[in-house]
Amino acid sequence: MRRPPAASLSLALLLLLGPAQVISQSCVWYGECGIASEDKRYNCAYGGPPKPLPKDGYDLVNELCPGLYFGNVSICCDVQQLQTLKNNLQLPLQFLSRCPSCFHNLISLFCELTCSPNQSDFLNVTQTEPYYDPVTSKNKTSITELQYYIGEHFANAMYNACKDVEAPSSNVKALGLLCGKDAKDCNATNWIQYMFSKDNGQTPFNIIPIFSDIPIQKKIPMNNATKGCNESADDDTSPCSCQDCSLVCGPKPKPPLPPAPWLLFGLDAVYVIMWISYMGFLLVFFAVIFGVWCYRKRHFVSEYTPIDSNIAFSVNSRRDNGEASCGERFGAWFENSLRLTFTSWGAFCVRNPRPVILFSLVFVVMCCSGLAYIKLTTNPVDLWSSPSSQARKEKEYFDTHFGPFFRTEQLIIQAPNSKQEIYSPYPSGADETFGPPLIKEILHQVLDLQDAIENITAYYDNETAMLKDICLSPLAPYNKNCTILSVLNYFQNSHSVLDHVVGDEFFVYADYHTHFLYCVRAPASLNDTSQLHDPCLGTFGGPVFPWLVLGGYDGDNYNNATALVITFPVNNYYNDTKKLMKALAWEKEFINFVRNYQNPNLTISFSAERSIEDEINRESYSDISTVVISYAVMFLYISIALGHIRSCRRFLVDSKISLGIAGILIVLSSVACSLGIFSYFGVPLTLIVIEVIPFLVLAVGVDNIFIIVQTFQRDERLQGETLDKQIGRILGDVAPSIFLSSFSETVAFFLGTLSTMPAVRTFSLFAGMAVFIDFLLQITCFVSLLGLDVKRQEKNRLDILCCIKGDDDMSRVQHSESILFMFFRTVYSPYLLKDWMRPIVISLFVGILSFSLAVVHKVEIGLDQTLSMPHDSYVIDYFNHLSKYLHAGPPVYFVLEEGHNYTSLEGQNMVCGGMGCNNNSLVQQIFTSAEIDSYTRIGYAPSSWLDDYFDWVKPQSSCCRLYNTSGQFCNASVVDPSCVRCRSLTPEGKQRPQGEDFMKFLPMFLSDNPNPKCGKGGHAAYSSAVNFINNNSEVGATYFMTYHTVLKTSADFIDATKKARIIANNITETMGIKEKNYRVFPYSVFYVFYEQYLTIVDDTIFNLSLSLASIFLVTTVLLGFEVWAAVVVSITIAMIIANMFGVMWLWGISLNAVSLVNLVMSCGIAVEFCSHVTRAFTISTKSSRVERAEEALSCMGSSVFSGITLTKFGGIVVLAFSKSQIFQIFYFRMYLAMVLLGASHGLIFLPVLLSYIGPPANKAKTQAAQERYKGTERERLLYF
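Note that the structure is predicted; figures quoted are calculated from it, not measured.

Calculation rules
- Residues numbered from 1 in each chain as written.
- Predicted model: local features only at pLDDT ≥ 70, side-chain atom pairs only at ≥ 80, totals over all residues.
- Heavy atoms only, no water.
- Helix = DSSP H or I, 4+ residues; strand = E, 2+ residues; numbered from the N terminus.
- Rg over C-alpha atoms; globule rule 2.2 N^0.38 Å.
- Buried < 20%, exposed > 50% of the residue type's maximum accessible area, 1.4 Å probe, protein only.
- Contact = heavy atoms within 4.5 Å.
- Areas by Shrake-Rupley, 256 points an atom, 1.4 Å probe, with all protein chains shown as cover.
- Lys, Arg positive; Asp, Glu negative; His and termini not counted.
- Charge placed at Lys NZ, Arg CZ, Asp CG, Glu CD.
- Pairing = 2+ DSSP bridges.
- Axes fitted to C-alpha atoms, helices over the stretch in contact; angles between N-to-C directions.
- Polar contact = N/O pair within 3.5 Å; in protein donor to acceptor, adjacent residues only side chain to side chain.
- Domains from an automatic or database assignment.
- Buried area = accessible area lost by both parts, 1.4 Å probe.
- Salt bridge = Lys/Arg side-chain N within 4 Å of Asp/Glu carboxyl O.
- Nonpolar A, V, L, I, M, F, W, Y, C, P; charged D, E, K, R; others polar.
- Disulfide = S-S within 2.5 Å.
- Parallel < 35°, antiparallel > 145°, perpendicular 65-115°, else oblique.
- Left-handed = near helix turned anticlockwise from the far one by under 90°.
- Arc of directions from axis to C-beta.
- Patch = residues over 30% accessible without salt bridge, like charges linked within 9 Å, V, L, I, M, F, W, Y side chains within 5 Å.
- Phe/Tyr/Trp six-rings, centres within 6.5 Å; stacked < 30°, edge-to-face > 60°.
- Lys NZ or Arg CZ within 6 Å of the ring centre and 35° of its normal.
- Core = buried A, V, L, I, M, F, W, Y, C linked by side-chain atoms within 4.5 Å.

Is there a simple way to explain the overall build of the protein chain in this structure?
Of the regular secondary structure elements, the protein chain holds 47 helices and 29 strands. Expected size for 1280 residues packed as a compact globule is a radius of gyration near 33 Å; at 42 Å, the protein chain overshoots this value by more than 25%. When its C-alpha atoms are laid out on the principal axes, the protein chain stretches across 140 × 75 × 60 Å. A buried classification covers 57% of the 1280 residues belonging to the protein chain. Looking at the protein chain alone, contacts between residues at least 24 apart form 73% of all its contacts between residues at least 6 apart. When the accessible surface of the protein chain is split by element, carbon and sulfur atoms take 59% of a total near 53,300 Å². One way to put it: in the protein chain the 96 positive side-chain charges average out to a point 9 Å from where the 114 negative ones average out.

Below, the structure written as structure tokens:
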């Protein structure tokens, strides 16, 4: 037996002084006598030599103390003492034997104490009491206290070998369960002192440890050789695993440093680059402007000639009439074909209004009949997660193999009227501060609330539903108690246990304070080891971790908690509608009960699983009035603004209220048709579609209505021209522009269905169809209605009351120009396009663009969940308290898919975390991740069913036993001589079970309930963690659970999802199972909602790029293959989108599915602002770009401004008064930005840009226009 140097020197000295005293062996006790308490007995004093052990004890001594198994086995204990030692070692065995070196040292400590033939060297009896043995009728002496001299070297070495050992089912260090205090406060001294104190409930009498490496009072401290955790305990075992021994792992892993910010000159690099780029642009731009001005001053006839690239030596000279190119002729032919087609169609609709209107009505009714099949999706999973997404597939896999994640009902409780309480332990110990909610009176009140919730009764389908009917009961049917994660489960949810006190009339030795302080350190304990001896394990059979039920404490000082957290997990039934509806009914009653609960001493915030969905629906209904008022304002404006009133007497004749209402109904009909068509095909509807698409189609449709009506109002009927031909001619002029914008938007939206985000895909599908149907109805039904309205006006019949005739002073409809049109033509357009104004406009807009590009990477990603709630929602308080008080995040399961071989040693080593397991095993990698939780977001070591199974099945343990008659499982609590250990104590039996043995005992482990003699039973902790396949002959999918760290913001949730996937992918790689068609993946309930944010930047780029590309292609074709004009339109729309990101950053709007839908929609609305002006520019026959831009802005600017900007502005302002934060942020702010940016770019920037770099006039189109208007009044206007 090796001893440390100091002990060896002391021993040599003693050998010289008195060899006879050292060599002789003597005991201090032998046998048991006297009852200490209940089933615990004292040892009998005995000072003689060791006695030979009876042969029936050989197996026991070989099992427990093999170092004493030699010769005739003369030791200082009998068989009964050995059996008592075995029973007392069961708890340490279950938790520490996963590290054989640790357990070897611990066994050495107890074997030397109990049976060493040299007891008298290091044991000193200090107290005894007489005992009369009724069996032998002899007087004996019971030892009631002794001193145990232990070498400091041994104590420290034993502690160092055990300090890192994990308790897999509890996610804590094993010493936290065995030391009487938190593992971080445990050391060699207080651990041994606790194990030898009778206050721990296990030791029958006090054993006082005295630590020294040198002899004291003629006693030689026990200083046996120890094994480090990185050493093998014997030839049959391996060093402890990395998870249980930091020496094996090496230094603690360090998280990678965050990427250094990209800086230039100490500032954000993107800011600097955009600033330099903007300054460079201004320098070049103004240099070119100045150069052109100087060149013009020397060579042009007039210095006031506009600066553009159409260099002509005379302002008034006509365009060069050279030959048109092939491309120009084709473009002119295409343009003319569109014009003639729409002209003929318009004339037909005016001549045959009744058939056209009737056909339109039939078409609308047929489409709308599909609304009978409408399905509204409110399930958040369906709204935000694609069925083909990785998270959705993983959720389906988890739900299928392990059952769906439970529903959560949670309370966060404070005690605002209570104060902290100081607890002073007796007889010694530091004072402990207990937070306000941990005062006994408050705990009793909280328990009353908890009991009342358990008794809530709901009704569904003439059946009652209580919590016990729907709750999670892991030990059912043996134990039907509901899982309630509450601090009161430390007291078995019992008022009497909470009031349990041990003391006398002078002092309180132990009460609820004592029990609480023990349970937060050892939540899985079945005996608090104080004089109370109450269990900590929850009534449902599982531990209640303090970080799940307490909040607002500092560090690990759980008693400082300022809030209690009570969680009721409820079964989430998979494909069982009736049971799910029962759960929903109970949750509804739960919400009503807690909302109406009154207790002035408690402040309660709470949430049920259905709360968020309920509140979103309530919010949607509460905002119906706001939305209706918004649309009413827009409808009223449209109805009034369409008419052009020349006098008060003719108000009802000249007004177009009925036509405006008809136009609005057409817009709404197109939306209804879109909903109906897709409802036929079973496409579900979402709230986003209902809230956003009417706004979009109204913007597109109303703009088109204004263009058609106002163009007609400004037009003068030609000589001999009938009404149908006039409207046909007008439609031929404007319909190609309407077709351009509508078809561009339709194609862009339909291509948006390629998105993987359900919200974007559904919106794009419905929006594309609605815009297309709106266009069809406008060039059919609306044109016919316009013809009827003009005929009504020409007959001087009143609007709305068309049977009544007005004054006959003016039977013919006179062409007229609105004030807005005249303002654009005479004031706004000339002023905007002045030489000195245009450079300012370009500089300003490019500056805004530069700013937006500089901050686009600063836009936050995610959706603050509080924004989805109404202002007055009870859930907002819950969210706020959640982030303030909770100390653990959501549970995360690392799932190992079906296909892994657990029965082979290699397969086990790839997964487990104990002795002999790979250092890069699944459990070890998760454990390592928890070591750097601030980076990985993994908060705790995983609970590992495999490691606990190996500990449970060990033959040294009393857990795995069988009836030797039937071979059936025998629980450790059963006292029956026919119960024998599952596996023999042979070297082979001590190895891990493999092959058939593995599968034979695993179901027993998973059905074993924890009890005082075996805390490793896996029923409560792991009953759902292992999925059996092939008639229970193989292990299929399994999971290993841990918790995320506290996640407060969207960025935290996104990062947690990302890091968990990185960890799982790395585990799959290192296990080498990638090629075997199965893998490891992480699953947590929030992943399906936050997965979209992992790719939202890519999705945004993809969707917006696709929209821009489709707009470019359609614009190119429908402008008669004017490629450069399409480029200008695309540039302008891209600037609007970029500036939208700038507004999002300035206004605190995050990037998520809702804002992405709005960005896609803004592409469509931007087309409306840009395409009409651009097309008017391309067909203008003026001589210079400035003149063409001025004409285009004059003709189309007023219609665009009145049709979109003013219409939308009125409706948007109303949204500012919405109760919904989502409406205020994602609709009011984004819609307002959309309209203002669209109007400013379409009516300010675009005309100026066209005046500089617009496409040159198409010669073929110019010649065609000359021929078409030859001999008419409009010929004079072609150039002037």
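Next comes the rest of the description.
For this particular structure, what's the right way to read the pairing of strand β1 (residues 29-37)?
When a strand is regular, its side chains alternate between the sheet's two faces. Bridging between β1 and strand β2 (residues 40-45) involves four bridges; their strand directions are antiparallel. Within β2, the residue paired with Glu32 across the bridge is Asn43. Here β1 folds back onto β2, and the loop between the two strands holds two residues, one of which, Glu38, carries a positive phi near 50°.

When you look at the sheet that holds strand β13 (residues 407-414) in this model, what are you seeing that I'm missing?
The strands that make up a sheet are held in pairs by hydrogen bonds between backbone atoms, and each pair lies either parallel or antiparallel. Reading across from one edge, β20-β21-β13-β22 is the order of the four strands in this open sheet, with antiparallel pairing throughout. Strands with a single pairing partner mark the edges of an open sheet, and in this sheet they are β20 (550-551) and β22 (603-607). Sheet topology places β13 next to β22; five bridges connect them, and they run antiparallel. Paired with Gln414 across the bridge in β22 is Thr603. Of the strands in this sheet, β13, β21 (563-570) and β22 touch helix α22 (residues 577-595), which is tilted by about 15° from β13.

Is there a simple way to think about the environment of Ile1067 in this case?
Here Ile1067 is to be found in helix α40 (residues 1050-1071). Ile1067 gets classed as buried once you look at its relative accessible area, which sits at 0%.

Looking at this model, I keep getting lost on the side chain of Ser978. Mind explaining?
Assignment of secondary structure puts Ser978 in the loop between β25 (961-963) and β26 (979-981). Note on Ser978: relative accessible area 16%, which makes it buried. Polar side-chain contacts of Ser978 include one of 2.7 Å to the side chain of Asp976.

Would you mind showing me how to read the domain arrangement of the protein chain here?
For interface size, the figure often reported is the accessible area lost on association. Each assigned domain of the protein chain is listed here: domain 1 (29-248), domain 2 (266-288 + 832-861 + 1094-1279), domain 3 (352-377 + 616-802), domain 4 (385-405 + 871-935 + 1037-1092), domain 5 (416-601) and domain 6 (944-1029). Taken together, the contact between domain 4 and domain 6 spans 20 residues of the former and 16 residues of the latter. Contact between domain 4 and domain 6 buries roughly 1,400 Å² in total, counting both sides, with carbon and sulfur atoms accounting for 54%. Three residues stand out in domain 4 for area buried against domain 6, namely Thr903, Gln908 and Tyr1039, and they jointly supply 35% of the buried area on that side. Counting across the domain 4 and domain 6 interface gives zero salt bridges. Counting across the interface, domain 4 meets domain 6 through 11 residue pairs in polar contact (both at pLDDT 80 or more). Top contributing element to the side of domain 4 that touches domain 6 by residue count: strand β28 (residues 1034-1043), with four residues. Looking at the side of domain 4 that touches domain 6, its residues break down into 11 nonpolar, eight polar and one charged.

How should I be thinking about the state of the cysteines in this particular structure?
Covalently bonding the sulfur atom of one cysteine to the sulfur atom of another cysteine gives a disulfide. Tallied over the full model, the rule gives 14 disulfides. Between Cys471 and Cys482 runs a disulfide, and the two sulfur atoms are separated by 2.0 Å. Taking the sign of the S-S torsion, -80° for the link of Cys471 and Cys482, the bridge is left-handed. On the criterion of sequence distance, the pair formed by Cys471 in the loop between α18 (467-470) and α19 (495-498) and Cys482 in the loop between α18 and α19 is long-range, its members being 11 residues apart. The disulfide that involves Cys912 links it to Cys917, with 1.8 Å between the sulfurs. With the S-S bond torsion at -110°, the cross-link from Cys912 to Cys917 turns out left-handed. Under the relative-accessibility criterion, Cys912 is labelled buried at 0%. In this structure Cys1163 is not part of a disulfide, and its nearest cysteine sulfur, from Cys1170, lies 10 Å away.

Quick question: what am I supposed to make of the packing of helix α28 (residues 723-751) against helix α44 (residues 1153-1179) here?
For any two helices packed against each other, the geometry comes down to the angle between their axes and how far apart the axes lie. Relative to each other, α28 and α44 sit at 155°, their axes nearing to 9 Å. Considering their axes alone, α28 and α44 lie roughly antiparallel with respect to each other. As for how α28 packs across α44, the hand of that crossing is right-handed. Within the contact between the two elements, α28 uses Asp733, Pro736, Ser737, Ile738, Leu740, Ser741, Ser744, Glu745 and Phe749 and α44 uses Val1160, Met1161, Gly1164, Val1167, Glu1168, Ser1171, His1172 and Arg1175. For the contact of α28 with α44, the per-class residue count stands at seven nonpolar, six polar and four charged.

Where do I start with helix α4 (residues 79-88) in this structure?
Residues lying three or four places apart along an α-helix face the same way, a consequence of the helix completing one turn every 3.6 residues. Among the residues of α4, Gln81, Leu82, Leu85 and Lys86 are the ones counted as buried. An end-on view of α4 places all buried positions within 145° of arc, on one side of the element. Where α4 is buried, its residues contact β1, β2, α3 (58-64), α5 (90-96), α6 (100-115) and β26.

When you look at a negative patch on the surface in this model, what are you seeing that I'm missing?
Together, Asp234, Asp235, Asp236 and Glu988 make up a region of like negative charge exposed at the surface. Structurally, Asp235 can be placed in the loop between β9 (206-211) and α11 (246-249).

How should the packing of helix α14 (residues 353-368) against helix α26 (residues 657-680) be read in this particular structure?
The contact between α14 and α26 brings their axes to 7 Å, and the two run at 45°. If you check the angle between α14 and α26, you find them oblique. Taking contact as the criterion, the partners of Val364, Met366, Cys367 and Cys368 in α14 are, on α26, Ser669, Ala672, Cys673, Gly676, Ile677 and Tyr680.

Help me understand the packing of aromatic side chains in this model?
The geometry of an aromatic ring pair comes down to the distance between the two centres and the angle between the two planes. By the definition in use, this model includes 66 aromatic pairs. Relative to Trp836, the ring of Tyr831 has its centre 5.7 Å away and its plane inclined at 85°; by these criteria the two rings are edge-to-face. Lying across the ring of Tyr1252, Arg838 places its NZ or CZ 4.5 Å from the centre. Taking the ring centre of Tyr935 as reference, the NZ or CZ of Lys1059 above it sits at 4.0 Å.

Whenever I open this one, the sheet that holds strand β24 (residues 891-896) confuses me. Can you help?
Reading across from one edge, β27-β28-β24-β29 is the order of the four strands in this open sheet, with antiparallel pairing throughout. Looking at which strands have only one partner, the edges of the open sheet turn out to be β27 (1026-1029) and β29 (1080-1083). Neighbour-to-neighbour, the strand axes of the sheet open up by a mean angle of 20°, direction not taken into account. Summarising the sheet, β24 and β29 pair through four bridges and their orientation is antiparallel. In the strand pairing of β29, Val895 is matched with Phe1081.

It is not clear to me how the pairing of strand β5 (residues 123-133) should be interpreted in this structure. Could you clarify?
Bridge analysis of β5 against strand β6 (residues 138-150) gives 10 bridges, and the strand direction is antiparallel. Residue pairing across strands places Pro130 opposite Thr141, the latter belonging to β6.

Can you help me understand the environment of Lys588 in this one?
For Lys588, the position within the fold is in helix α22. As a C-alpha pair, Lys588 and Asp614 span 26 residues in sequence and 9.6 Å in three-dimensional space.

Whenever I open this one, unusual backbone geometry confuses me. Can you help?
Glycine aside, a negative phi is what most residues show, and trans is what most peptide bonds show. A positive phi angle, close to 50°, is found at Gln217, a residue other than glycine. Inspection of the secondary structure assignment puts Gln217 in the loop between β9 and α11. The residue His533 is not glycine, and still its phi comes out positive at about 55°. Of note, His533 is situated in the loop between α20 (512-519) and α21 (546-549). Overall, the relative accessible area of 37% leaves His533 in the partly exposed class.

So what exactly am I meant to see when it comes to a nonpolar patch on the surface here?
A cluster of nonpolar side chains, contributed by Trp262, Leu264, Phe265, Ile273, Trp275, Ile276 and Met279, occupies part of the molecular surface with about 790 Å² of accessible area. The element contributing the most residues to the nonpolar patch is helix α12 (residues 269-299), with four residues. Along the chain, Met279 falls in helix α12. On the basis of relative accessibility, which here comes to 34%, the residue Met279 falls in the partly exposed class.

What is the right way to read the nonpolar core from this model?
In summary, soluble globular proteins display a tendency toward joint burial of nonpolar side chains. Among the nonpolar cores identified, the biggest contains 353 residues, and Tyr148, Trp191, Phe516 and Leu550 are the most heavily contacted of them. Residue contributions to this core peak at 21 residues, all from helix α46 (residues 1221-1253). Residues in contact with Tyr148, not counting those within four places in the same chain, are Leu109, Glu112, Leu113, Phe122, Leu123, Phe196, Ile207, Ile208, Pro209, Ile210 and Met222.

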